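Each chain, written out:
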Number of protein chains: 2
Amino acid sequence: MKNPRVVIVGAGFGGLFAARALAGKPVEVILIDKHNYHTFSPLLYQVATCALDPSEIARPVRAIFSAHTNIQAFLGEVQGIDPQEKTVTVDTEGTAHQFAYDYLILAAGSHSAYFGNDDFKQHSFELKTLEDAIDLRNHALRLFERAVWVDDPQERERMLTFVVVGGGPTGLETAGALYELYNHVLDQEYKHDSLRARVVLVEMLPHLLAPYPEKLRQKAQEQLESLGVEVILENPVAKVRPGEVELADGTILLTDTLVWSVGVEGSPLGNMLGVSPARGNRIPVDRQLRVIGLEKVYCIGDMSYLEDPEGQPYPQMIPIAQQQAKLAAENILVDAAGKPLGNFRYHDRGVMATIGRSRAVAWLYQRVQISGFLAWLAWLLLHLLSLIGFRNRLNVFVSWVWNYFTYDRSVRLILEKSDPER
Amino acid sequence: MKNPRVVIVGAGFGGLFAARALAGKPVEVILIDKHNYHTFSPLLYQVATCALDPSEIARPVRAIFSAHTNIQAFLGEVQGIDPQEKTVTVDTEGTAHQFAYDYLILAAGSHSAYFGNDDFKQHSFELKTLEDAIDLRNHALRLFERAVWVDDPQERERMLTFVVVGGGPTGLETAGALYELYNHVLDQEYKHDSLRARVVLVEMLPHLLAPYPEKLRQKAQEQLESLGVEVILENPVAKVRPGEVELADGTILLTDTLVWSVGVEGSPLGNMLGVSPARGNRIPVDRQLRVIGLEKVYCIGDMSYLEDPEGQPYPQMIPIAQQQAKLAAENILVDAAGKPLGNFRYHDRGVMATIGRSRAVAWLYQRVQISGFLAWLAWLLLHLLSLIGFRNRLNVFVSWVWNYFTYDRSVRLILEKSDPER
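### Observations concerning the relation of the copies chain A and chain B
After a rotation of 180° and a shift along the axis of 0.0 Å, chain A superposes on chain B with an RMSD of 0.0 Å. On this basis, the relationship between the two copies can be described by a two-fold rotation axis.

Here is the structure:
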């Protein structure tokens, strides 16, 4: 009998870990992603701020699975899903082809959420892909070069003010790294021009890091402000126009750079399934992680919707995607063997956020609270160990040690495709 | 009395070494380049073939000179040069500004030469900038992904055949690296599809590496062929059409990838001077490296034309640009001090070309000929030591050791700007 075929859509943390859990098992795995690499997304902000190279946080999907003969990786964008016929249609560089599946795992992740405000989307940067990170890097470096030639103080302020919206871990990390990068670079290398960057973090709630205990929220804000970042709380963005951001209380921030990290919504791929999405365009799944109302279709990670035993939806976080990936893979194997499926239960090992050099907060096992240098070291270590690929770990380690001791941010290349038509 | 101002156009090897030679000297230096980084161009082919990261062979110009207060670096494209008024007009991100100079050093390098054949230019890749290298990398990786879906053998051959035109060092290095990369990657990671790449090197002369002694030319060809590259001699490219290359004898090579490394011509910036260019659009200079017919204007490197004592034009090579840079800087200093200028004399330490893993040829001091592993080691060492910036040396060293022992080419990211409009 032929092994059942599992098609996995998405090579983010969910899809990658599902494929890993199926490596060497009696299934044939087809792994599809629109990039030819897996991105270690927690470090995208370090690419955007010139501390790391794109290839240091990415690894070709084919390379990850080159030793596993039961896994085939393909580059392509999913054009359609037919849960009745059990097929997925994929477009690769203009050629369409169809995969039949016995089991489908949807793990296409999430997009930035703009809550229907086209102006937010149109005039802001996000940090969801490597391309996003390089866009932001190019943009900021260009602004510095332009600012040198600008005498009008208002115009200069606009160029050198960076507004980050969203007080979650990504917002904090990005704001801290932007501040460190820009002011170091500007101090050292634009010294004839006395440029100075301003970084403002805007959050609509009365505090940063909503899911953290009060003490750590305070610590995070103190560390961010001691670095030099301005924090504005309880004041959501009302309107975004080219060159300026208007907050709810009427405050105008002059800026050419708005970084949007407010929240995410499930990938539009979910809408191909013909099921009604839950809040945030997420696909409702049962506790076995199967899409409710469909056969043999699993959905995991940011694009799936499941409530925890207290009735709260599981947050869209990497550890949840990873743990769901493992269960979905196991459930497919036991289902194929005719045995009963297991239920999802999240093992919360903790959360952490870094703010800048020697600054971080961590909340471990919902009990231990640490902040400052120790939390920062823990953050570094955890991220190093979680990187995919030994070479990436080695390179990132070398880069971090280098950056720490030299304050250097050497990946400051304004680098763009020369001929977008080719 | 104010120090004289030296404007240097171009931060390639010529401009960079001229600025270095003027660091800390009683002159004010303005260094202008259209990129914000210096590119270590001899290793561009390694970026194109996924062995190195762009940032490993590039360093921000401002970073290189951050310790030198008499040097200011600017990003910008030169729009005009007025040798009478002694001004240079530069455009930075849409803003034009003018620099007055006391001395001008033109070091804007060269472009690929297509000898008036628009079809060669339109349908080929070149390797002059980091953007070029990334274009070629993206293109080749995309072809592999597309080839997986193609059944027609002719169509597949077209996708997997890479033609390199030009039997100079760059052509050899590129052909060898392409062959190693492609067949390693294809073997390891497309094993379900049994893809195999073909690399063809085309040269119009009856031998490779024209300036080398006969024995080394032979060695180079043997090493290239033993690797697996096909070499076609005495057969220039006649016509290039989308998807195929026609050679002079009528041979048709089906290919979607033509890499052009036949020769170069001086930067069009030279044409702003109002002097008649020599062969290859190069600007004639006297033995003191001053542009003939102009005052206080020096021209060095690939874009300058000077004959050696035997009446042969100096070739367009990095060591010549570097040595000319030093003399131009010295001549400006002695001229400012009212002393007599020195004449250019090239100290030829030798030439070398690498062909692939453990394969290279070197011709040192026009006497010593070595080839194979020893020449390859010498090539590695020389290029490591010549890299600009300690961090780059460290990173490249780690990458090379890694690549050597693992046969890995991990920088295989198809990475493009997401929104060319922004």
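### Topic: the confidence of the model for chain A
Residues and elements named next belong to chain A. This prediction gives chain A a mean pLDDT of 91; 98% of its residues lie at or above 70. Note on residues 418–422: pLDDT is under 50 here. Beyond four places in sequence and across chains, it has 9 contacts. Confidence metrics for the complex model read pTM 0.92 and ipTM 0.89.

### Side note on the packing of aromatic side chains
Residue and element names in this part refer to chain A. By the definition in use, this model includes 24 aromatic pairs over all chains. Note on phenylalanine 13 and phenylalanine 40: the rings are 5.7 Å apart at their centroids and 70° apart in plane angle, and the pair reads as edge-to-face. On the criterion of sequence distance, the pair formed by phenylalanine 13 in helix α1 (residues 13–22) and phenylalanine 40 in the loop between β3 (37–39) and α2 (44–48) is long-range, its members being 27 residues apart. An identical accessibility class is assigned to phenylalanine 13 and phenylalanine 40; each is buried.

### Thoughts on the interface of chain A and chain B
Across the boundary between the two partners, chain A contributes 63 residues, which contact 63 residues of chain B. Both faces combined, the contact of chain A with chain B buries some 5,900 Å², and carbon together with sulfur accounts for 55% of it. Linking chain A to chain B there are 4 salt bridges. For the salt bridge of glutamate 93 of chain B with arginine 142 of chain A, the shortest nitrogen-to-oxygen distance reads 2.4 Å. Summed over the shared surface of chain A and chain B, the result is 18 residue pairs in polar contact (both at pLDDT 80 or more). Looking at the side of chain A that touches chain B, the elements with two or more residues in it are β4 (58–60), α3 (61–64), β5 (71–75), β8 (95–100), α5 (130–147), α7 (169–189) and α11 (390–406) of chain A. When residues in the side of chain A that touches chain B are grouped by element, the largest group, 9 residues, is from α5 of chain A.

### Thoughts on empty space enclosed by the protein
Here the structure, examined in full by the defined rule, presents 7 cavities of 30 Å³ or more. By volume, the largest cavity amounts to about 250 Å³. What lines the largest cavity is a set of 24 residues, and nearest its centre among them are Ile134, Arg137 and Leu415 of chain A together with Ile134 and Leu415 of chain B. Of all the elements in the fold, those that place two or more residues in the lining of the largest cavity are α5 of chain A together with α5 (130–147) of chain B. When residues in the lining of the largest cavity are grouped by element, the largest group, 5 residues, is from α5 of chain A.

### Details of unusual backbone geometry
Residues and elements named next belong to chain B. Even without a glycine there, the phi angle at glutamate 93 is positive, about 50°. Mapped onto the fold, glutamate 93 is located in the loop between β7 (87–92) and β8 (95–100). Take glutamate 93: its relative accessible area is 29%, and that puts it in the partly exposed class. Located in the positive-phi region is asparagine 281, a residue other than glycine, with phi close to 55°. Considering the arrangement of structural elements, one finds asparagine 281 in the loop between β18 (264–266) and β19 (283–284).

Calculation criteria
Along each chain, the written sequence defines residue order, and numbers are assigned to residues from 1. In the order they appear in the text, chains get letters beginning with A and ligands get numbers beginning with 1. Reporting in this predicted model follows two pLDDT cut-offs: at least 70 for local features of residues, and 80 or more for side-chain atom pairs to be given and counted; totals over whole chains, interfaces and linings ignore these cut-offs and use all residues. Excluded from the side-chain calculations are hydrogens and water; all other atoms, namely the structure's heavy atoms, are used. The least-squares superposition of copies is restricted to C-alpha atoms, and to residues with a pLDDT of at least 70 in both copies. What pLDDT conveys is the predictor's confidence in a given residue, as a value from 0 to 100. Any two residues whose heavy atoms approach within 4.5 Å are treated as being in contact. Any pair of Phe, Tyr and Trp rings, taking the six-membered ring for Trp, is counted once the centres come within 6.5 Å. Such a pair is stacked with planes under 30 degrees apart, edge-to-face with planes over 60 apart, and tilted for the rest. For helices the rule is a DSSP run of H or I covering at least 4 residues; for strands it is a run of E covering at least 2, with both sets numbered from the N terminus onward. Think of it in three bands: with a 1.4 Å probe and only protein chains considered, a residue is buried below 20% of the maximum accessible area for its type, exposed above 50%, and partly exposed in between. Put simply, buried area is the surface a 1.4 Å probe can reach on two separate parts but cannot reach once they are joined, added for both. Salt bridge, as used here, is a side-chain nitrogen of Lys or Arg placed within 4 Å of a carboxyl oxygen of Asp or Glu. Whenever a nitrogen or oxygen atom comes within 3.5 Å of another N or O atom, the pair is scored as a polar contact, on the condition that within protein one atom can donate a hydrogen and the other can accept it, and that pairs from neighbouring residues in sequence are kept only if both atoms are in side chains. Think of a 1 Å grid over just the protein atoms. A cavity is a set of points where a 1.4 Å probe fits yet cannot get out, a pocket is an open set with protein on both sides within 12 Å along at least five of seven lines, and lining residues have an atom within 4 Å of a point. Grid points are joined across faces, edges and corners, and a volume is the space filled by probe spheres set on the points.

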